[in-house]
Amino acid sequence: MQVADVKTGQIITANIPNHPPDDLGLLHGIGWTPDQSEVWESSTGSDPHIYIWDMLNPMAPVLKERLTLRSGRGAHWLTFDIMGDYGYVAPNKNSDDDTEIFKLPTHTSVGLIGSSEDVLEIDFANGKISQVGDQYGIGRALQ
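Residues numbered from 1 in each chain as written. Predicted model: local features only at pLDDT ≥ 70, side-chain atom pairs only at ≥ 80, totals over all residues. Heavy atoms only, no water.

Per the counting criterion, the structure on display carries 2 aromatic pairs. On the basis of an interplanar angle of 85° and a centroid distance of 5.6 Å, the ring pair of Trp40 and Phe80 is categorised as edge-to-face. Here Trp40 is found in strand E4 (residues 38-42), whereas its partner Phe80 is found in strand E7 (residues 75-80), with 40 residues between them in sequence. Note on Phe80: relative accessible area 5%, which makes it buried. Seen in terms of ring centroids, Trp40 and Phe102 are 5.9 Å apart; in terms of plane orientation they differ by 70°. Their pairing is edge-to-face. With Trp40 in strand E4 and Phe102 in strand E9 (residues 99-103), this pair connects stretches of sequence that are 62 residues apart. Considered together, Trp40 and Phe102 belong to a single accessibility category, that of buried residues. (Phe/Tyr/Trp six-rings, centres within 6.5 Å; stacked < 30°, edge-to-face > 60°. Helix = DSSP H or I, 4+ residues; strand = E, 2+ residues; numbered from the N terminus. Buried < 20%, exposed > 50% of the residue type's maximum accessible area, 1.4 Å probe, protein only.)

Pasting the structure below:
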């Protein structure tokens, strides 16, 4: 994972510990939690873990936790709900595995839904759309 300071051009690389250097894999799923306190990162198609980086200081990421996926296989994509309560980790492309749901504050797995990387949250209030999320874990700095 790399973090860049767009003002200074400084780039910081945070490496997954004990990751085989010759196993480049897809390393595709990565996203900021909505409160921007963590970055969640998938590894390779064969690594059944999600790596959680503490981003208290974005230019000095600290590996906080490693979650093991129920499927025992890697993940392709991940995203979060608007309020930052849940994380959705989608399996590898064309997999029959389900998308795993995690409770963000506790990092615990709480369930499964059908396989999809195209999770889109649409909230309604009084019969009208009040807010729309997206499939990208872009952070939202909720206030």
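Here we take up the sheet that holds strand E5 (residues 49-54). With antiparallel pairing, the 4 strands of this open sheet are ordered in space as E3-E4-E5-E6. Of all strands in the sheet, those bounded by a partner on one side alone are strand E3 (30-32) and strand E6 (62-68). Pairwise comparison of adjacent strand axes, ignoring direction, gives a mean angle of 20° for this sheet. When E3 meets E4, the two strands line up antiparallel, connected through 3 bridges. Looking at E4, one finds that Trp32 is bridged to Val39. (Pairing = 2+ DSSP bridges. Axes fitted to C-alpha atoms, helices over the stretch in contact; angles between N-to-C directions.)

As a further point, take the nonpolar core. Ranked by size, the top nonpolar core spans 11 residues in total: Trp40, Ile50, Ile52, Leu67, Leu69, Ala75, Leu78, Phe80, Val89, Phe102 and Leu104. Within the residue set of this core, elements represented by two or more residues are E5 and E7. Ranked by residues supplied to this core, first place goes to E7 with 3 residues. When neighbours within four sequence positions are excluded, Ala75 is seen to be in contact with Ser42, Thr44, Asp47, Ile50, Leu69, Val89, Ala90, Pro91 and Asn92. Within the second largest apolar cluster, 8 residues are counted, among which are Ile16, Val39, Tyr51 and Met55. (Core = buried A, V, L, I, M, F, W, Y, C linked by side-chain atoms within 4.5 Å. Contact = heavy atoms within 4.5 Å.)

With that settled, consider a nonpolar patch on the surface. Taken together, the side chains of Leu120, Ile122, Phe124, Ile129 and Val132 present a nonpolar region at the surface, about 510 Å² in accessible area. Of all elements in the fold, only strand E11 (122-125) and strand E12 (128-132) reach the threshold of two or more residues within the nonpolar patch. Note that Val132 resides in strand E12. Judged by its relative accessible area of 48%, Val132 falls in the partly exposed class. (Patch = residues over 30% accessible without salt bridge, like charges linked within 9 Å, V, L, I, M, F, W, Y side chains within 5 Å. Areas by Shrake-Rupley, 256 points an atom, 1.4 Å probe, with all protein chains shown as cover. Salt bridge = Lys/Arg side-chain N within 4 Å of Asp/Glu carboxyl O.)

Scanning the entire structure with this criterion turns up 3 salt bridges. A salt bridge links Glu38 to Lys64; the nearest nitrogen and oxygen atoms lie 2.7 Å apart. Linking Glu38 in strand E4 with Lys64 in strand E6, this pair joins segments that are 26 residues apart in sequence. Among the residues examined, Glu38 registers a relative accessible area of 6% and is labelled buried. Ionic pairing is found between Arg70 and Glu100, a salt bridge with its closest N-O pair at 3.6 Å. In this pair, Arg70 is assigned in the loop between E6 and E7 and Glu100 in strand E9, connecting sequence segments 30 residues apart.

The next subject is the pairing of E11. Where E11 meets E12, 4 bridges bridge the pair, whose relative direction is antiparallel. Among the inter-strand pairings, Ala125 is bridged to a residue of E12, identified as Lys128. Hairpin connection of E11 to E12: 2 residues between the antiparallel strands, including Asn126 at a positive phi of 55°.

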